[in-house]
Each structure stands twice: as structure tokens, then as C-alpha cells.
Amino acid sequence: MSNQDQDFEKELRMALRREEPPADFAAKVLARAKESKTAEERPKVVEMPVWRRPLVWAVAAGLAVTALVPPAVQQYQQRRQEERAMKAEKELLFALSITRAKLQHTREKIQRSTRQPL
Amino acid sequence: MRKTLLLLACAMPLAAQDGFDFKTLDKLGDNAKNKTVITLDGDMLKMASGFLSNGGKSEADSIKPLVDSLTGVYIRSFEFDKEGQYNDQTLEPLRAYLKQASWNKIVESREPKEYSEIYLHPIANGRLGGIAVISAEPREVTVVLINGNLKQEDLAKLSGNMGIPDLKLNKKNSDKTPKGKKDDEE
């Protein structure tokens, strides 16, 4: 075996010799693996934008209904109440007019029959 | 429990006597050309009164104190095309009610073909619990019943001033009830 061959073999042994890993190697590998796993999962979570999530829409719709419906109902009830009050007022005035007319009519009849003012 | 039931049983006839069932007068209008049916109970009168006060400036608002003292306003007025189209006996239940409830007939005017009766319901302290008018003419019959807690001077308001509009209902050859405006039925 020539010297050149011996050097080559020596270098090869040196290169292939067993070398112990650093003490924190396992921890580093695990940390890296966890990091890459989280990175892989993250896109799945943000796949749908927040504004497109059904739950968000449901909550928004609920809030809108809660905010808009009661005032609308209250406004409708108030309008109906006013209409009923207006109708009642008209009927009342008409009823009092009839009462007045009938009382006056009776008074006139009595005045006619007695020829004296009441 | 038994005492409560007994008290309730005693109170029920009193409650029934408290008001007159105007449905008994519906027969009067069977052949009527025009009907005016107005029923305003306490709640409706409160609403009307509230509306009067809300406006505040109209002439009709001056009757608000009177309206506030009312608890019920009932009008039944029927007009007919021809004479003899209603049965005067239909008014008897009303007369019986007024008599039973201690209303006093203070005016009775009778002419050959028509008559008028005015009743007052006296209550404590010189006040009136109501006024009732029965007016029967050949082609028209009107019943007015007003309940409340009225002062004597309220009668003056009811008989012709303080903001009650004059519709000239008793003028001959003039429009009587505003047709189409107030021919409503319950």
C-alpha cells in the first residue's frame, strides 16, 4: 500500500469516525419539529377570513336584530297608539256633540211647551 | 277559600249591574238607514284625553277636565227612512236598568210623535255619576249614556259650550250625522 493510499484511508477514517451529538441535540430537534408542525397547522386555522365565518355572521345578525327590532316595534306600537287615541278623540267629540244636540233639543221642546226659558 | 268564593259569588251580580248591556239596543237599528254606535270605555277616554292634552291649543282641549272625569260614553243613534221602523219597547231594558240603578228622570218631554227623557245619577257630595238621554222621534232614535264623576256645572258644558263642536244635529232640513263619516258599527 502506498503512502498516498494510507493518507487517503486515514482521512476517510477521520471523516467517518463516530462523533457524539451535543447534549441539547435531542431538545433542539424536538423544538424544531414542533415549530414546523405548528407552522404547518397555522394556515389551516386562518384558511377562512374572520368576516366569512358563519358564527361571526350569526352573532352580527343577532346583534343587528337586537339593536334594530325593539325600536321599530316600539315605534310601530306608538304609532298605533296615536292612531287609536286620535280615533277615540274624534269619537268622543262626536259623542259629546250628539249629547249636546239632544240636550238642546229637549230644552227647546220644554221651552216651547212651557213658553218659559229654563 | 270558601269565604273568598262566597264573596266572589256575591260580587258578581253587583259587577253585572254596574253597566248596561248595549247589545240589547241593537234591535233598534235593524231597519236603520244610518247608525251611529260609539262605545268609549275608561281606557279609550284616557287615550282621548291624553291626545287632547297633547294638542293643548285647540278649542276642544278646553273640555279636557270634563273628559278626565268621564268613565264611559255610549251612544246609539239610528236614523230611518220611514216612520215606524223601530220598536219603542226595545228601550225598556234600558229604562229598567236606569230605574234599578237609582237614576232620576229629571226631564220628560212628550209630544204626539216624539219624546225625550233625561236621567241623572246622583252620587255623594252633590256630584253626578252620569247622565242619560233617550230621544225618540218618528225617524230617529238616540240613546246617550255618560258615566263619570261629574260636577253640576259639567252639565252646562255637555249641553252646549266649552269647546264641544256644534254639529247642528237637531236642525231640520240640514245634514244630520255626517254621512259616511260616523256610520260605524261595533
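Going by the structure above, here's the rest.
Residues numbered from 1 in each chain as written. Chains lettered and ligands numbered in written order. Predicted model: local features only at pLDDT ≥ 70, side-chain atom pairs only at ≥ 80, totals over all residues. Heavy atoms only, no water.

## Quick look at the overall build of chain B
Within chain B, the secondary structure is distributed over 5 helices and 6 strands. Each helix and strand of chain B, placed in order from N terminus to C terminus, yields the pattern α-β-α-α-β-α-β-β-β-β-α. In chain B, which comprises 186 residues, the share counted as buried stands at 44%. Taking the intrachain contacts of chain B between residues at least 6 apart in sequence as the baseline, contacts between residues at least 24 apart amount to 63%. (Helix = DSSP H or I, 4+ residues; strand = E, 2+ residues; numbered from the N terminus. Buried < 20%, exposed > 50% of the residue type's maximum accessible area, 1.4 Å probe, protein only. Contact = heavy atoms within 4.5 Å.)

## Re helix H1 (residues 3-16) of chain A
With 14 residues, H1 of chain A ought to run about 20 Å at 1.5 Å a step, and its terminal C-alpha atoms sit 20 Å apart, in line with that. Counting buried residues along H1 of chain A, only 0 of its 14 residues qualify, which leaves the element largely exposed. (Expected span 1.5 Å × (residues − 1).)

## A short note on the interface of chain A and chain B
The interface of chain A with chain B comprises 28 residues on the first partner and 43 residues on the second. Regarding the contact of chain A and chain B, the summed buried area is about 3,400 Å², with carbon and sulfur atoms giving 70% of it. When the buried area of chain A at its contact with chain B is split by residue, Phe-94, Arg-100 and Lys-102 of chain A rank highest and sum to 20% of it. Across the contact surface, chain A and chain B share 4 salt bridges. (Buried area = accessible area lost by both parts, 1.4 Å probe. Salt bridge = Lys/Arg side-chain N within 4 Å of Asp/Glu carboxyl O.)

## Concerning the nonpolar core
For soluble globular proteins, nonpolar side chains are generally found buried alongside one another. Among the nonpolar cores identified, the biggest contains 34 residues, and Leu-92 of chain A together with Leu-40, Leu-70, Val-73, Ile-131, Ile-146 and Leu-158 of chain B are the most heavily contacted of them. Apart from residues no more than four positions distant in its own chain, Leu-70 of chain B is found in contact with Leu-92 of chain A together with Leu-45, Ile-146, Asn-147, Gly-148 and Leu-150 of chain B. Counting residues in each nonpolar core, the second largest holds 23 residues, with Phe-22, Phe-80, Tyr-86 and Leu-94 of chain B among its members. (Core = buried A, V, L, I, M, F, W, Y, C linked by side-chain atoms within 4.5 Å.)

## Observations regarding the environment of Gln-85 of chain B
Residue and element names in this part refer to chain B. Examined against the element boundaries, Gln-85 turns out to sit in the loop between strand S2 (70-79) and helix H4 (92-100). Setting aside residues up to four positions removed in sequence, Gln-85 forms contacts with Asn-31 and Phe-80. Within the structure, Gln-85 has its side chain in polar contact with the backbone nitrogen of Lys-82 (distance 3.2 Å). (Polar contact = N/O pair within 3.5 Å; in protein donor to acceptor, adjacent residues only side chain to side chain.)

## Things to note about the packing of aromatic side chains
Residue and element names in this part refer to chain B. All told, the structure shown has 4 aromatic pairs over all chains when counted by the stated rule. Look at Phe-20 and Tyr-97: their rings are 5.5 Å apart centre to centre, the planes differ by 40°, and that puts the pair in the tilted class. You can see Phe-20 sitting in the loop between helix H1 (2-18) and strand S1 (34-40) and its partner Tyr-97 sitting in helix H4, a full 77 residues away along the chain. Each member of the pair Phe-20 and Tyr-97 is classed as buried. Centre to centre, the rings of Phe-80 and Tyr-86 are 5.2 Å apart; their planes meet at 25°, and the pair counts as stacked. Taken individually, Phe-80 and Tyr-86 each receive the classification buried, so the pair is uniform in this respect. An aromatic cluster of at least three residues, connected via ring pairs, comprises Phe-20, Phe-22, Tyr-74 and Tyr-97. Here the guanidinium or amino end of Arg-110 rests over the ring plane of Tyr-115, the centre of that ring lying 4.3 Å away. (Phe/Tyr/Trp six-rings, centres within 6.5 Å; stacked < 30°, edge-to-face > 60°. Lys NZ or Arg CZ within 6 Å of the ring centre and 35° of its normal.)

## Re the sheet that holds strand S4 (residues 114-122) of chain B
In any sheet, the strands associate via hydrogen bonds between backbone groups, in a parallel or an antiparallel arrangement. Pairing in this open sheet of 6 strands is antiparallel, and the strands run S1-S2-S6-S5-S4-S3 (chain B) from one edge to the other. Among the strands making up the open sheet, the edge pair consists of S1 and strand S3 (104-111) of chain B. Mean inter-strand twist for the sheet, computed between neighbouring axes without regard to direction, equals 5°. With 9 bridges joining them, strand S5 (residues 128-137) of chain B and strand S6 (residues 140-150) of chain B adopt antiparallel strand pairing. Along S6 of chain B, the bridge assignment pairs Ala-136 of chain B with Val-141 of chain B. Together, S1, S2, S3, S4, S5 and S6 of chain B form the strand contacts of helix H3 (residues 54-114) of chain A, whose direction differs from that of S1 of chain B by roughly 115°. The sheet contacts of H4 of chain B involve S4, S5 and S6 of chain B, and relative to S4 of chain B the element is tilted by about 30°. (Pairing = 2+ DSSP bridges. Axes fitted to C-alpha atoms, helices over the stretch in contact; angles between N-to-C directions.)

Bear in mind that shape data such as this cannot, by itself, settle questions of function.
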